[in-house]
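# Understanding the architecture of this molecule
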Amino acid sequence: MKRIVSIQDISCLGKCSLTVALPILSAMGVECAIVPTAVLSTHTMFQNFTCKDLSDQIAPIAAHWQAEHVTFDAIYTGYLASKEQIGDVCRFFDAFKTEDNLIVVDPVMADNGKLYPAFGPDFPAEMAKVCAKADLIVPNLTEASLLTGLPYRTEQDEGYIREMLLALSRLGPRYAALTGVSFEGGRLGVMYYDKAADTFGSYFNEHLPASFHGTGDVFASTCVGALMNGLSLGDALALAADYTVECIRLTLAAPDAKWYGVEFESAIPYLVHRLEAKADN
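First, a word on what this report is: a plain description of the structure on this page. Model, not experiment: these values are computed from the prediction.

Conventions and cut-offs
Residues numbered from 1 in each chain as written. Predicted model: local features only at pLDDT ≥ 70, side-chain atom pairs only at ≥ 80, totals over all residues. Heavy atoms only, no water. Buried < 20%, exposed > 50% of the residue type's maximum accessible area, 1.4 Å probe, protein only. Helix = DSSP H or I, 4+ residues; strand = E, 2+ residues; numbered from the N terminus. Arc of directions from axis to C-beta. Contact = heavy atoms within 4.5 Å. Phe/Tyr/Trp six-rings, centres within 6.5 Å; stacked < 30°, edge-to-face > 60°. Lys NZ or Arg CZ within 6 Å of the ring centre and 35° of its normal. Salt bridge = Lys/Arg side-chain N within 4 Å of Asp/Glu carboxyl O.

## Comments concerning helix H1 (residues 18-27)
Since the α-helix turns once every 3.6 residues, residues separated by three or four places project in the same direction. For H1, every residue scored as buried is listed here: Leu18, Val20, Ala21, Ile24 and Leu25. Along the axis of H1, the buried residues cluster in a sector spanning 155 degrees; they form a single face. As for H1, its buried residues are in contact with strand S1 (3-11), strand S2 (31-40), strand S4 (74-77), helix H7 (215-228), helix H8 (233-253) and helix H9 (268-280). Gly29, located one to two residues past H1, shows a positive phi value of around 80 degrees.

## Quick word on the packing of aromatic side chains
Working definition: an aromatic ring pair is given by the centre-to-centre distance plus the angle between the planes. Scanning the entire structure with this criterion turns up twelve aromatic pairs. Note on Phe183 and Phe204: the rings are 5.6 Å apart at their centroids and 55 degrees apart in plane angle, and the pair reads as tilted. With Phe183 in the loop between strand S9 (175-181) and strand S10 (187-194) and Phe204 in strand S11 (residues 199-206), this residue pair connects regions lying 21 residues apart in the sequence. We classify Phe183 as partly exposed; its relative accessible area is 32%. With a centroid separation of 5.8 Å and 85 degrees between ring planes, the pair formed by Trp259 and Tyr260 is classed as edge-to-face. By way of ring pairs, the aromatic residues Trp65, Phe72, Phe92 and Phe96 are connected into one cluster. Lying across the ring of Phe200, Arg162 places its NZ or CZ 4.2 Å from the centre.

## Let's talk about the pattern of salt bridges
Tallying each qualifying case throughout the model produces 13 salt bridges. Between Asp135 and Lys97 there is a salt bridge, with its nearest N and O atoms 2.8 Å apart. Of the two residues, Asp135 is situated in the loop between helix H4 (123-132) and strand S8 (136-137) and Lys97 in the loop between helix H3 (85-96) and strand S5 (102-105); the sequence distance between them amounts to 38 residues. Judged by its relative accessible area of 32%, Lys97 is partly exposed. The partner of Asp242 in a salt bridge is Arg274, with the nearest N and O atoms 3.0 Å apart. Linking Asp242 in helix H8 with Arg274 in helix H9, this pair joins segments that are 32 residues apart in sequence. Classification of Asp242 as buried rests on a relative accessible area of 8%. If you follow the salt bridges from partner to partner, you end up with Glu206, Glu246 and Arg249 in one network.

Below, the structure written as structure tokens:
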């Protein structure tokens, strides 16, 4: 069984971050250790949430695991609570990176053209340091704009997305995948770039008329799990996109669905079936 570690926050209520990553990766047959960066009472779309920063725990956890000779097949980061955590996370990468494992960074910090309220304007430059050490990064369009300095556009064409991907690759990672890409009405997906091969790829699915907090975490966690199951990057991103759409579809169809997140749990049988079908081919 593959073992990964996910470095991100625990939002106690809200279906995002580690409470999404753990069940999805477990369902995909991947062991997931965790390094919690913070504990929040809810995710940040709620008002008056509490937050306990756990920056002081990252280095001691890493030191203990090194003493136990623990290794990981992948390191996957999501929401980092503050710029002060950047150095600790980069040192964690240095301690546990091997020739054979994979570092995946979801630079969670912004959406819809704006930084999240918890972050100041200097945070994207700090997050770029984390991206520089990654093998694969999976930003949305807002995050990509903040990381590269390129303008954020709600209207896109393929030339603009290619320019953005090339700029992201210059930060350091071999692979850059940009989510929330759309070149035509009713279709939404992901476009990616392999710097070593100098090749682009893309995948699109139905664009459902809804937006939910935590879908980026669903996407990134599924992508990591698929890669650990031996799927190619293109197939892993396609599965992640399809599962995310299925989660949104089931949420929209549920009369008692909660407003604060997608019903990813109801879609887990779909995910497992798709993964098994890939394994049989």
